[in-house]
Amino acid sequence: VRRVKESVSIPVLVGSGVTLQNVGTFLESADALIVGSAFKKDGRWENPVDPDRVREFMEKSRLCEKGTAFLKTIELLAPARNLECGLAAIRCGADAVYIGAKRFGARAQAGNPLRVIEELISFAHRYRVKVYVTLNTLLREDELEEAGKLITRLWEMGADAAMIQDMGLLELPL
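The structure displayed is predicted, hence computed values, not measured ones. (Residues numbered from 1 in each chain as written. Predicted model: local features only at pLDDT ≥ 70, side-chain atom pairs only at ≥ 80, totals over all residues. Heavy atoms only, no water.)

Visitor: Just to check I follow, could you spell out the pattern of salt bridges for this structure?
Guide: Pairing is possible between side chains that carry opposite charge, provided their charged atoms lie close to one another. Per the counting criterion, the structure on display carries eight salt bridges. For E143, the salt bridge is made with R140, and the minimal N-O distance between the two is 3.4 Å. According to the relative accessible area criterion, E143 is buried, its value standing at 10%. We note a salt bridge from E145 to K149, for which the minimum N-O separation is 3.3 Å. Here the residue E145 and the residue K149 both occupy positions in helix α6 (residues 144-157), the gap between them amounting to four residues, near one helical turn. (Salt bridge = Lys/Arg side-chain N within 4 Å of Asp/Glu carboxyl O. Buried < 20%, exposed > 50% of the residue type's maximum accessible area, 1.4 Å probe, protein only. Helix = DSSP H or I, 4+ residues; strand = E, 2+ residues; numbered from the N terminus.)

Visitor: How should I be thinking about the nonpolar core in this particular structure?
Guide: Within soluble globular proteins, side chains that are nonpolar generally end up buried alongside one another. Ranked by size, the top nonpolar core spans 47 residues in total, and within it L33, V97 and L120 carry the most contacts. Among the secondary structure elements, those contributing two or more residues to this core are α2 (23-29), α3 (51-66), α4 (83-91), β4 (96-101), α5 (114-126), β6 (130-135) and α6. Apart from the residues within four sequence positions on either side, L33 is in contact with V14, V18, V23, F26, L27 and L77. I34, L77, A96 and Y98 belong to the second largest nonpolar core, which has five residues in total. (Core = buried A, V, L, I, M, F, W, Y, C linked by side-chain atoms within 4.5 Å. Contact = heavy atoms within 4.5 Å.)

Visitor: Before we go on, may I ask you to explain the packing of aromatic side chains in this structure?
Guide: Here a ring pair, both rings aromatic, is described through the centre-centre distance and the interplanar angle of the planes. The full count for this structure, using the stated rule, is two aromatic pairs. Centroid distance F39 to F57: 5.1 Å. Interplanar angle 85 degrees. Geometry classified as edge-to-face. Taken together, the residues span a long stretch of sequence, with F39 in the loop between β2 (32-33) and α3 and F57 in helix α3 at a distance of 18 residues. Between F123 and Y127, the aromatic rings sit 5.0 Å apart at their centres with planes inclined by 50 degrees, giving tilted as the arrangement. (Phe/Tyr/Trp six-rings, centres within 6.5 Å; stacked < 30°, edge-to-face > 60°.)

Structure (structure tokens):
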């Protein structure tokens, strides 16, 4: 990660494999960490968020941040498979959560209706927590317009960002 960071001028995010054991190493070089399974019961993605694991991870992250020469703000971005997981992550100290909509998300079993996302946004923003919505699939040409409309709707609802995979979305007038 350090070599990548030294060779590029854009933010470097580590999106897989971050655990309680290696968070300090990644924090030294990465601009952001995307943590998923490390927050789940027994470290398995299909399990619910384990509040104790989140707390322990955050305590370790904040200690690592304070014990280093670099000064950066850690944003704890937690997965929200559904409203319940999102609320639990926020209650346990997440700075941001990410959630998938019904369409265009990589995990079909984690698709949520817009009313659920809107409820999560409303709750999160009361506590100054950000909500990112994933559109992390490659899109067919005929899906781009619908995905663009979804992003616009999410923005109108107050979503803080869309996490995209298909760079074709950047060509749309969003």
